[in-house]
Amino acid sequence: DALPISLLNYDLIQQVIVVDDGSTDKTKLILDRLHHEKLNLIRLESNHGKGCALGLAIQESQNDLLCFVDADIIGLTDLHLDQLIYPILTDTFDMTIGYPPLNRQRHNIIFNYFKWLSGERALKRDSVLPLVNEMLNAKYGVETIINYHHKKKVVRMFELESLFHRLKQDKYGF
């Protein structure tokens, strides 16, 4: 609920694209309550996967800089967005990837090896535009597609202090 609002209130963000990928939780109800000039909502009747969702968002975007954040993160702040976005705005890095603090994650041993798959990242739109068709057909693994494309580019990975991912077992009660 707080995630779209924090993005909508951030001054440097001109457009927030939310893709409801056939969700069966309260996403639709939450999004129906949000009315904001920056908000673009894409609704899919059935789940097509994260790759398709990001591909559609890239196609819909009207901005040169893109910042992706997963919907299940908790604690996103303006400082986190600054850390992701400013290195791209200043052309210091081609892509930034932020990940939750490893020492506070219940699954930190596993996540440590996969932090480069984090969904919190920023990059230039033109760097991923050529990947859209591949992304639209990828249900999962979209971060790997983007990372592979950026393997010879300058990428910054860093910890996003006090940010947490809601774990699947917390979301679905496993």
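Residues numbered from 1 in each chain as written. Predicted model: local features only at pLDDT ≥ 70, side-chain atom pairs only at ≥ 80, totals over all residues. Heavy atoms only, no water.

Chemist: What is the right way to read helix H4 (residues 78-89) from this model?
Modeler: The α-helix advances 3.6 residues per turn, and as a result positions three or four apart in sequence lie on the same side. Compared with the 16 Å implied by 1.5 Å per residue over twelve residues, the 15 Å span of H4 between its first and last C-alpha is a close match. The set of residues buried in H4 consists of His80, Leu81, Leu84, Ile85, Pro87 and Ile88. Relative to the axis of H4, the buried residues are bounded by an arc of 165° and lie together on one face. Of the residues trailing H4, Asp91 is marked for its positive phi of about 60°. (Helix = DSSP H or I, 4+ residues; strand = E, 2+ residues; numbered from the N terminus. Expected span 1.5 Å × (residues − 1). Buried < 20%, exposed > 50% of the residue type's maximum accessible area, 1.4 Å probe, protein only. Arc of directions from axis to C-beta.)

Chemist: For this particular structure, what's the right way to read the environment of Asp21?
Modeler: Within the secondary structure, Asp21 is located in strand S1 (residues 16-21). Residue Asp21 is classed as buried on the basis of its relative accessible area, which comes to 13%. Along the sequence, Asp21 and Asn47 sit 26 residues apart, while their C-alpha atoms lie 5.0 Å from each other. Setting aside anything within four residues of it in sequence, one finds Asp21 in contact with Leu44, Ser46, Asn47, His48, Gly49 and Lys50. At 2.8 Å, the side chain of Asp21 and the backbone nitrogen of Gly49 are in polar contact. (Contact = heavy atoms within 4.5 Å. Polar contact = N/O pair within 3.5 Å; in protein donor to acceptor, adjacent residues only side chain to side chain.)

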